[in-house]
Amino acid sequence: PGHVDFTAEVERSLRVLDGAVALFCAVGGVEPQSETVWHQAERYRVPRIAFVNKMDRTGADFDGVVAEIRRELGANAVPVVIPIGAEADFQGLVDLVDMKAIYYDEAPEGAVIREEEIPVEMLNWAKEARALMIEKASELDDSLMEKFLNDELPGREELVAAIRKATIAGRFIPVLCGAAFKNKGVRRLLDAIVDYLPSPVDLPPVIGTLREENEEIIRCPKDDAPLAALAFKVQADKHIGKLTYVRVYSGVLRVGDTVLNSTRGKTQRIGRLFEMHANHREPVEALYAGDVGAVVGLGDTRTGDTICSREHPIVLESIDFPAPVIGVAVEPVTRADRDKLSAALARLAEEDPTFTVRSDDETGEVVISGMGELHLDIILDRLRREFNVAVKSGRPQVAYRETILSAVDHEYRHVKQTGGRGQYAHMAFRISPNKPGGGFQFEDGITGGKISREYIRAIERGILDEMAKGPYAGFPMVDIKVTVYDGSMHEVDSSEQAFRTCGKMGFREACKRAGMSLLEPMMSVEVTVPEDYTGAVTGSLAAKRGR
């Protein structure tokens, strides 16, 4: 889920979380996607703990990663543990709060933990690291700062409370380390989550609005407050149907309750409630303020919708998702798969706000769009695996446009005699390029009633028919101005159909005389880049014809 293609998963999780653990590799350190996720967490003001994992790998460098977090992310990263050994020699860690050495002895059933005194050779390093931790924690706590300046040692509770306060304020990032695969350092991390990350009560109350009045409403995280919950994820489950993940901000959500989806103005009934542990579901009777759980029965609810009590409506801030950037064309392998494909794509689009489906009117293809190639590969794999739909995917055709290069005057006469009533239409007109983005402009310059008003409209329709599939390469035409200024009609043989055909054929001939050009799609792109690389990135964009 940390991959850039799955930005939406990170975005919707951070929106409802009270705290987060940022995972860093002891060898790789801060990677490009770490920066993206970190900035997302900053935007949602989520307090964080950093965990340096894989300390047993060759090349592990705890101090190097801490320095990188400070340098690359601008974070006040402060170790609250330091490692004993590294790489193959990683044995455990020193807890700087309790000043104890914790060793992990590998055993068949998992790591066995034993506490001992800090090794003599590490004592000076541990004391320096502890002094730095106390200094940084005391910056937001006056009484602790006073003790620090007077060289007094703070008590454990006082120190933990100060670190917790600074972490919740976003001014202090506790850094821990371990090797999760071998269960080393994980229990200490869980203790740190409890000690330093906030409970719902520690955070400001959630703010919503009333749809009509647009006035702010505050909901405190209390069970006796009116219900306010946010649906942050929708998942299709083949056994129980649609699972809607919700975060309850206030009040209690109970099985059998009738609730209001205030975003869509619909009343819905709660069928079943679950507490989710990865893919394991545990049925519960109620979800209380601060809980995250899954609901069955919210059929009309989408990601970002607010669930609240009917008596006290509120709309919480929704979740913003980035627009899809890449598309591929898909088609079913057999006719039997056609109906299954459209139903499956609709289900997947409901689950994932960054995945869209559209039918391309120009090419007749079904084009699915997502955040990147990996994202779309996984969507296609899910179609085959979960929905049993065999699909072929190709590269979508680029949506080019056509236009003319110069202005020309042209005359066209459409005459057809086939026994009985014939067809007659005659017009003189001028075509010229319009300004980019100006679209199609049609002007009636006829004087003296040489062509009647309804025939003028027929000429315009004929030209639009030809513009839908241009004469150069069959792509739609854009940015053209047409002025009809002369012509004639026959009182018997002229008709709307004759003038429509005249407009279509005359316009085609005029375009070929004016010269034609193919237009490529242009994208507006925003790039965030460190200052050191600005020149290289600008050069790369210019090489790809960026302006």
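Higher on the page you've got the structure.
Just so we're clear, the structure is a prediction, and the values are computed from it rather than from any experiment.

The rules behind each value
Residues numbered from 1 in each chain as written. Predicted model: local features only at pLDDT ≥ 70, side-chain atom pairs only at ≥ 80, totals over all residues. Heavy atoms only, no water. Phe/Tyr/Trp six-rings, centres within 6.5 Å; stacked < 30°, edge-to-face > 60°. Helix = DSSP H or I, 4+ residues; strand = E, 2+ residues; numbered from the N terminus. Buried < 20%, exposed > 50% of the residue type's maximum accessible area, 1.4 Å probe, protein only. Lys NZ or Arg CZ within 6 Å of the ring centre and 35° of its normal. Contact = heavy atoms within 4.5 Å. Polar contact = N/O pair within 3.5 Å; in protein donor to acceptor, adjacent residues only side chain to side chain. Salt bridge = Lys/Arg side-chain N within 4 Å of Asp/Glu carboxyl O. Pairing = 2+ DSSP bridges. Axes fitted to C-alpha atoms, helices over the stretch in contact; angles between N-to-C directions. Core = buried A, V, L, I, M, F, W, Y, C linked by side-chain atoms within 4.5 Å. Parallel < 35°, antiparallel > 145°, perpendicular 65-115°, else oblique. Nonpolar A, V, L, I, M, F, W, Y, C, P; charged D, E, K, R; others polar.

A. A look at the packing of aromatic side chains. One pass over the structure, following the stated rule, counts 5 aromatic pairs. Considering the side-chain rings of Y400 and F475, the 5.5 Å spacing of their centres and the 70° angle between planes classify their relative orientation as edge-to-face. Of this pair, Y400 sits in the loop between strand 25 (391–394) and strand 26 (401–404) while F475 sits in the loop between helix 10 (453–468) and strand 30 (480–488), and the two are 75 residues apart along the sequence. Owing to a relative accessible area of 25%, Y400 belongs among the partly exposed residues under this scheme. Taking the ring centre of F274 as reference, the NZ or CZ of R281 above it sits at 5.7 Å.

B. Expanded view of the environment of Y249. Here Y249 is to be found in strand 12 (residues 241–250). Residues Y249 and K182, 67 residues apart in the sequence, show an inter-C-alpha distance of 36 Å. When sequence neighbours within four positions are dropped, the list of residues in contact with Y249 reads R15, V16, V206, C220, P221, A228, A229, L230, A289 and L316. In this structure the side chain of Y249 is engaged in a polar contact, spanning 3.2 Å, whose partner is the side chain of R15.

C. Quick look at the pattern of salt bridges. Tallied over the full model, the rule gives 31 salt bridges. In this structure, the salt-bridge partner of R302 is E350, at a minimum N-O distance of 3.5 Å. A residue pair is termed long-range when its members are at least 10 positions apart, and R302 in the loop between strand 19 (292–296) and strand 20 (306–308) and E350 in helix 8 (residues 336–351) qualify at 48 residues. You can call R302 partly exposed: its relative accessible area is 30%. By relative accessible area, which is 26% here, E350 ends up partly exposed. One salt bridge in this structure joins R382 and E386, with 2.9 Å as the shortest N-O distance. Residue class for E386 comes out partly exposed when judged on its relative accessible area of 33%. Through salt bridges with shared partners, one network takes in E9, R12 and K233.

D. Spatial organisation of the sheet that holds strand 15 (residues 266–269). With antiparallel pairing, 8 strands are arranged side by side in an open sheet as 15-14-20-11-12-19-16-17. The sheet terminates laterally at strand 15 and strand 17 (280–284), the two strands that pair on one side only. On average, each strand axis in the sheet is tilted by 40° relative to the strand beside it, whichever way the strands run. Summarising the sheet, strand 11 (residues 228–237) and strand 20 pair through 3 bridges and their orientation is antiparallel. Of the residues in strand 20, the one forming a bridge with L230 is T306.

E. A look at the nonpolar core. Judged by nonpolar contacts, the single largest core of 55 residues is most densely connected at F24, I69, M133 and I163. Among all residues touching I69, those that are not within four sequence positions of it are F24, V30, A50, G74, A75 and A77. In this structure, I431, I463, M477 and V482 belong to the second largest nonpolar core, which totals 28 residues.

F. Quick look at the sheet that holds strand 8 (residues 173–177). Within the open sheet, the 4 strands sit side by side as 1-2-8-3. Their pairing is parallel. In this open sheet, the two edge strands, each paired with only one partner strand, are strand 1 (20–25) and strand 3 (77–79). The sheet shows a mean angle of 30° between the axes of neighbouring strands, taken without regard to direction. Its contacts with the sheet put helix 3 (residues 62–73) on strand 1, strand 2 (48–53), strand 3 and strand 8, and the angle it makes with strand 3 is roughly 160°.

G. Quick look at the packing of helix 6 (residues 156–168) against helix 7 (residues 186–196). It is at 8 Å that the axes of helix 6 and helix 7 come closest, and there the two elements cross at 75°. Viewed along their axes, helix 6 and helix 7 adopt a mutual orientation that is roughly perpendicular. For the pair helix 6 and helix 7, the contacting residues are R156, V160, I163, R164, T167 and I168 in the first and V194, D195 and Y196 in the second. When its residues are assigned to classes, the contact of helix 6 with helix 7 shows 5 nonpolar, 1 polar and 3 charged.

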